[in-house]
Amino acid sequence: MGADKPYIHRPRQPRLVSRGDGVAVLAIGRRAPGMQDMYARLLGASWKQIIAGLVALYLVINLLFALAYLAIPGGIRNAQPGSFADAFFFSVQTLATIGYGGMSPNGMAANILVTIEAMFGFAFYGIVTGLMFSKFSRPTARVMFSDKAIIGMHNGTPHFMLRLANERNNSIVDAKVKMTFIRREVTKEGMRMRRLYDLKPMRDQIPVLRFTWSVMHRIDETSPLYGMTKQDLNAVEAEIIVSLTGIDETMSQTIHARHSYIDGEIACNAQFEDVLHFREDYVLEVRYDRFHNITVVEDAEA
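Residues numbered from 1 in each chain as written. Predicted model: local features only at pLDDT ≥ 70, side-chain atom pairs only at ≥ 80, totals over all residues. Heavy atoms only, no water.

The secondary structure content of the chain amounts to five helices and 16 strands. Compactness check: the chain gives a C-alpha radius of gyration of 29 Å against a globular reference of 19 Å for 302 residues, more than 25% above the reference. By residue count, 35% of the 302 residues in the chain fall in the buried class. For the chain, long-range pairs separated by at least 24 residues make up 67% of all intrachain contacts whose partners lie at least 6 apart in sequence. Element-wise, carbon and sulfur atoms account for 59% of the exposed surface of the chain, whose accessible area totals about 18,700 Å². In the chain, 33 side chains carry a positive charge and 30 a negative one; their mean positions are 7 Å apart. (Helix = DSSP H or I, 4+ residues; strand = E, 2+ residues; numbered from the N terminus. Rg over C-alpha atoms; globule rule 2.2 N^0.38 Å. Buried < 20%, exposed > 50% of the residue type's maximum accessible area, 1.4 Å probe, protein only. Contact = heavy atoms within 4.5 Å. Areas by Shrake-Rupley, 256 points an atom, 1.4 Å probe, with all protein chains shown as cover. Lys, Arg positive; Asp, Glu negative; His and termini not counted. Charge placed at Lys NZ, Arg CZ, Asp CG, Glu CD.)

As a further point, take helix H4 (residues 108–137). Over its 30 residues, H4 extends 44 Å from the first C-alpha to the last, a length consistent with the 44 Å expected when each residue adds 1.5 Å. Inspection of H4 places Ala110, Leu113, Val114, Glu117, Ala118, Gly121, Phe124, Val128, Leu131, Ser134 and Lys135 among the buried residues, and these make up the whole buried set. Where H4 is buried, its residues touch helix H1 (38–44), helix H2 (47–70), helix H3 (84–95) and strand E2 (104–105). (Expected span 1.5 Å × (residues − 1).)

Another point: the nonpolar core. Counting 30 residues, the largest nonpolar core has Phe160, Leu162, Leu164 and Trp213 as the members making the most contacts within it. Counting only elements with at least two residues in this core, the list comes to strand E3 (143–145), strand E4 (149–154), strand E5 (157–166), strand E6 (172–186), strand E8 (205–209), strand E9 (212–218), strand E10 (239–248) and strand E11 (253–262). The contacts of Leu162, once residues within four sequence positions are left out, are Phe145, Ser146, Ala149, Met179, Trp213, Ser214, Val215, Val242, Tyr261 and Phe272. Within the second largest apolar cluster, 20 residues are counted, among which are Ile50, Ala66, Phe90 and Val128. (Core = buried A, V, L, I, M, F, W, Y, C linked by side-chain atoms within 4.5 Å.)

Inspection of the secondary structure puts Asp263 in the loop between E11 and strand E12 (266–268). Within the structure, Asp263 has its side chain in polar contact with the side chain of Asn234 (distance 3.3 Å). (Polar contact = N/O pair within 3.5 Å; in protein donor to acceptor, adjacent residues only side chain to side chain.)

Counted by the stated rule, this structure contains eight aromatic pairs. Between Phe88 and Phe89, the aromatic rings sit 5.5 Å apart at their centres with planes inclined by 85 degrees, giving edge-to-face as the arrangement. Accessibility expressed as a relative area gives 16% for Phe88, which makes it buried. Members of the aromatic cluster, connected to one another through ring pairs, are Tyr58, Phe124 and Tyr125. (Phe/Tyr/Trp six-rings, centres within 6.5 Å; stacked < 30°, edge-to-face > 60°.)

We now examine the packing of H3 against H4. In contact at an axis separation of 8 Å, H3 and H4 are set at 60 degrees when each is read in the N-to-C sense. Between H3 and H4, the angle is such that the two are oblique. Two secondary-structure elements touch here, H3 through Phe90, Ser91, Thr94 and Leu95 and H4 through Val114, Glu117, Ala118, Phe120, Gly121 and Tyr125. Of the residues assigned to the contact of H3 with H4, the class counts are six nonpolar, three polar and one charged. (Axes fitted to C-alpha atoms, helices over the stretch in contact; angles between N-to-C directions. Parallel < 35°, antiparallel > 145°, perpendicular 65-115°, else oblique. Nonpolar A, V, L, I, M, F, W, Y, C, P; charged D, E, K, R; others polar.)

What follows covers the layout of surface pockets. Leftover empty space is mapped by rolling, across the atoms, a probe with the size of a water molecule. Considered as a void within the structure, the second largest pocket measures approximately 340 Å³ in volume. Considering the residues around the second largest pocket, the lining is formed by 15 residues, among which Leu42, Leu54, Leu57, Ile127 and Leu131 are closest to the centre. Secondary-structure elements contributing two or more residues to the lining of the second largest pocket are H1, H2 and H4. The residue makeup of the lining of the second largest pocket, split by class, is 13 nonpolar, two polar and no charged. (1 Å grid on protein atoms, 1.4 Å probe; cavity = no way out; pocket = protein on both sides within 12 Å on 5 of 7 lines; lining within 4 Å. Points joined across faces, edges and corners; volume = space filled by probe spheres on them.)

Before going further, it helps to spend a moment on the pattern of salt bridges. The full count for this structure, using the stated rule, is 11 salt bridges. The residue Asp220 makes a salt bridge to Arg218 at a minimum N-O spacing of 3.6 Å. Relative accessible area serves as the criterion here: at 39%, Arg218 is assigned to the partly exposed category. Taken together, the salt bridges that share partners define one network made up of Arg184, Arg194, Glu237 and Glu239. (Salt bridge = Lys/Arg side-chain N within 4 Å of Asp/Glu carboxyl O.)

Below, the structure written as structure tokens:
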């Protein structure tokens, strides 16, 4: 099947789960979230982005208030007249409610401005504290998926297989896995659609995920992958999404992870290298350095 079809690999194709490649998705006509989803966007941002943003915001706030203080002649007692540095560091002290006593507001206008900045400081530090706490306490999973999935023989039957592992030094309790096969189809009316089909794993749940888990799907007459070749997967822009959920035993909270494979990330007639070895001193050795290694089986059945 598919022997006469030219194989044209699409290294960049639309994919639902990003792995740093694929076609960029641009939403047109969708209403901009604005400030409504700011909290969600901040939680999803990286630590580098959050720290850089907070530092920039902190400097801008103090810069604006420093300019406001300079606009009030003699508004800061014991400050050098027209000194931006004095005004800036007075703003820093006011925002943080430090109050060293060296400089103080002078006059009604300056006191009103100090009152506004103090109230602004309470809100700023409260928001930063809440954001940091939410970011630290947010449950996250550290699950490693194999770089490639494989299609190989298992007990005389072809299987779609992948490997995943818990990267933390604890266990994921009641781990469940689900696989979804997405392909492009054309209806009788000529409409292009992306349809989703469930790939039933041989085992979709394990009580404890401590090290590695080989997830397998039997390719028989009931499988959506039955009869499909590498060329067929490429032609329908296939993507197989793998999602894992479980309970982190340390945090006692539900965590989830996901990964996907397109046709260029699926190796046919292959097997994973074994990563579990028992040493002579009765120690189980887990070779994560071999986690992504696969071996091509030349004489595998078609």
